[in-house]
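# Structure assessment
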Amino acid sequence: MARILRITLLFLLILAPLTLPTWGNVVFAQDRIEVAQAEKPKKRSLFDVLFGRNKSAKEKAAPPKKTTTKRKSSPSITTVPVIKMIEKEPDAKVLLVVGDSLAIDLAKALDRFYAKETQLAIVSKGVGSSGFVRDDYFDWNAAIDDYLATLKFDLVVVAIGINDRQEIKSAEGRFEPLTDGWRLEYERRLNLFLRKLSDAKKPVVWMGLPPMSKTSYSKSMSQITSLHRLTAFANGADYVDIYERFANEEGGYTSYGPDLNGQNVLMRKSDGIHLSSAGSDKAAFFIDKMIQQYYRGGEISIAVVDPLVGTDAFDMLRPPFQGIAQIRKLELAGAVRELGEVRRSSGELVRATTPQQQPLPLEQMFVAPKGRADAFGVGEVAETDAPQE
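Residues numbered from 1 in each chain as written. Predicted model: local features only at pLDDT ≥ 70, side-chain atom pairs only at ≥ 80, totals over all residues. Heavy atoms only, no water.

## Things to note about the sheet that holds strand S9 (residues 238-240)
- Read across the open sheet, the five strands follow the order S4-S3-S5-S8-S9; overall the sheet is parallel. Every other strand in the sheet has two partners, leaving strand S4 (120-126) and S9 as the edge strands with one partner each. The average angle at which neighbouring strand axes cross in this sheet is 20°, direction not considered.
- Bridge count for strand S3 (residues 93-99) against S4 is seven bridges, and the pairing is parallel. Looking at the pairing, Val97 lines up with Ser124 of S4.
- Docked against the sheet, helix H3 (residues 101-113) engages S3, S4, strand S5 (155-159) and strand S8 (204-207), running at close to 165° with respect to S4.
- Seen against the sheet, helix H5 (residues 180-199) touches S3, S5 and S8 and runs at an angle of roughly 145° to S8. (Pairing = 2+ DSSP bridges. Helix = DSSP H or I, 4+ residues; strand = E, 2+ residues; numbered from the N terminus. Axes fitted to C-alpha atoms, helices over the stretch in contact; angles between N-to-C directions. Contact = heavy atoms within 4.5 Å.)

Written as C-alpha cells, this is what we have:
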C-alpha cells in the first residue's frame, strides 16, 4: 500500500508543472524568465516533459538582425542641382520656350543654365500632350498669335513632336501618320507657325528629337524631326540636332550617357521618351551654342529677312541658309553663282545644238605640261610650246 502511495505522489509531482498557471504574465523555463506575449498558456504533455518540449515559432530564438547600412545613391543617377536664382534686370531679354512636355523640362534646364545671367530671363510656355497634329486639343498657331500680342519676348526655343504620330485632320480629309496627305498638312502648319515668328522678327532655335526606346516609335520620330529640320531651314530658323548626343555607339537608344562633366549618368526618364534632368541640362548646353549667335552682352541680334521672300521658291523646302548675327549665307544645292550670271533654262539646255568640247583623254590627265604646279619643273613640253622651225 505504501508503495502504491509513493508511486501516486511521484506521478502527481511529475504532472504538477503541466497545470501550473502563470503569475503576472511571467513563466519560468530553462532557468530563464520570459515575458509572455499575451498568449494563452499551453498544456505540456508527458512526452514534452520526458523528451523536451518543441518550442513554438514565437519562442524560437530570432536570428540576429542584420545591420544594413543605407546605400548611397548610385553615382549614375543625378539629382536636380539646387541653384540660387539671381534676380533678373527689369530690361532683361526674354527667351520664350514653347512646345510639349519636352519643352517644359528644357525650360527648367535653361533656367538653371542661365541662373547667373541677369540679362536673360526664361519664360516657359510648354503644354503637355500638345503638338501640331491635335490642334483641336491645343492650337500652336493660335497660341503663338496670342503670345505675340500679349507677351514681351525676344527669342524663341521650340521643342515639340513626341505627340504627333497620330491621324491629322485637314480640309481635304483625314490622313494616317506620315502619309503624303499627312505630310502636306503637317508642313503647312509648321510653315505657318514659323512665318508668324519670322514676320515678327523673332529668332527661332528648334531642338530636334533624341532617339526613343521603342524602335517603331523612334523611326516615326526620326521622320517627324526630319520635317522639322527642313521646315526650320526653309524659314530661316536654326536647328539643333541632338540625336547623336543621346545615342549609343550603334546610333540607337541608350538610357545613359556622358553628362556635361563627362560622367556616365542617367540621361532619360523611365518612359524611354523624355530627358532626365541631366539630359535636359545637356540639351540646354547645345541650345546655348546656337543662342549665342543671337544673344550677345544683353542684346538680341535679328537675322536678316529670307532672300527668297516673295518668290515662287519661298514655299519650297530648301537647304539651310545659316550664319552668325546678321550675316547670312544662302546655299542652294551647294552651287555658288555670280549675281549677274544669266542662267539658261532647262529646255534650252536640252535642245542645245552647239557641239560640246571633247573630253580629255585619260592618259593625258597624267601628263603635266611644263610650268604647271604638279610638273615640279620637269614637265613635258606641250605641242603648242614646241619650238617653231
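## Remarks on the confidence of the model for the protein chain
- Scored by pLDDT, the protein chain comes out at a mean of 77, with 56% of its residues at no less than 70.
- Taken element by element, the protein chain is modelled with least confidence in strand S15 (residues 327-330), mean pLDDT 35, and with most confidence in helix H4 (residues 140-150), mean pLDDT 98.
- Considering only residues more than four positions removed or in separate chains, one finds that residues 320-338, a stretch of pLDDT under 50, has 35 contacts.
- Of the regions scoring below 50 in pLDDT, residues 382-389 engages in one contact with residues more than four places distant in sequence or in other chains. (pLDDT = per-residue confidence, 0-100.)

## Some words on the packing of aromatic side chains
- Counting across every chain of the model gives ten aromatic pairs.
- Counting every residue linked through ring pairs, the aromatic cluster contains Phe132, Trp182, Tyr186, Phe193 and Trp206.
- Looking at Lys202, its charged tip hangs above the ring of Phe153, at a distance of 5.1 Å from the centre.
- Here the guanidinium or amino end of Lys282 rests over the ring plane of Phe246, the centre of that ring lying 5.3 Å away. (Phe/Tyr/Trp six-rings, centres within 6.5 Å; stacked < 30°, edge-to-face > 60°. Lys NZ or Arg CZ within 6 Å of the ring centre and 35° of its normal.)

## Quick word on the environment of Arg229
- Along the chain, Arg229 turns up in helix H6 (residues 215-234).
- Note on Arg229: relative accessible area 24%, which makes it partly exposed.
- When the C-alpha positions of Arg229 and Gly208 are compared, they lie 7.5 Å apart, and in sequence the two are 21 residues distant.
- Every residue in contact with Arg229, bar those within four places of it in the chain, is listed here: Tyr239 and Asp241. (Buried < 20%, exposed > 50% of the residue type's maximum accessible area, 1.4 Å probe, protein only.)

## So, H5
- Here H5 contains 20 residues, and its C-alpha end-to-end distance of 28 Å stays within 8% of the 28 Å for a straight helix at 1.5 Å per residue.
- Every buried residue belonging to H5 is among Gly181, Trp182, Glu185, Tyr186, Glu187, Arg189, Leu190, Asn191, Phe193, Leu194, Lys196 and Leu197, and all of these are buried.
- Downstream of H5 by a residue or two, Lys201 has a phi angle that is positive, lying close to 55°. (Expected span 1.5 Å × (residues − 1).)

## Details of the side chain of Asn235
- Considering the arrangement of structural elements, one finds Asn235 in the loop between H6 and S9.
- With a relative accessible area of 10%, Asn235 lands in the buried category.
- Residue contacts for Asn235: discarding those within four places in its chain leaves Asn191, Leu194, Arg195 and Ser198.

## Quick notes on helix H7 (residues 277-291)
- With 15 residues, H7 should reach 21 Å at 1.5 Å per residue; the first-to-last C-alpha distance of 20 Å fits that figure.
- Within H7, 13 of the 15 residues are buried, which leaves the element mostly enclosed by the surrounding structure.

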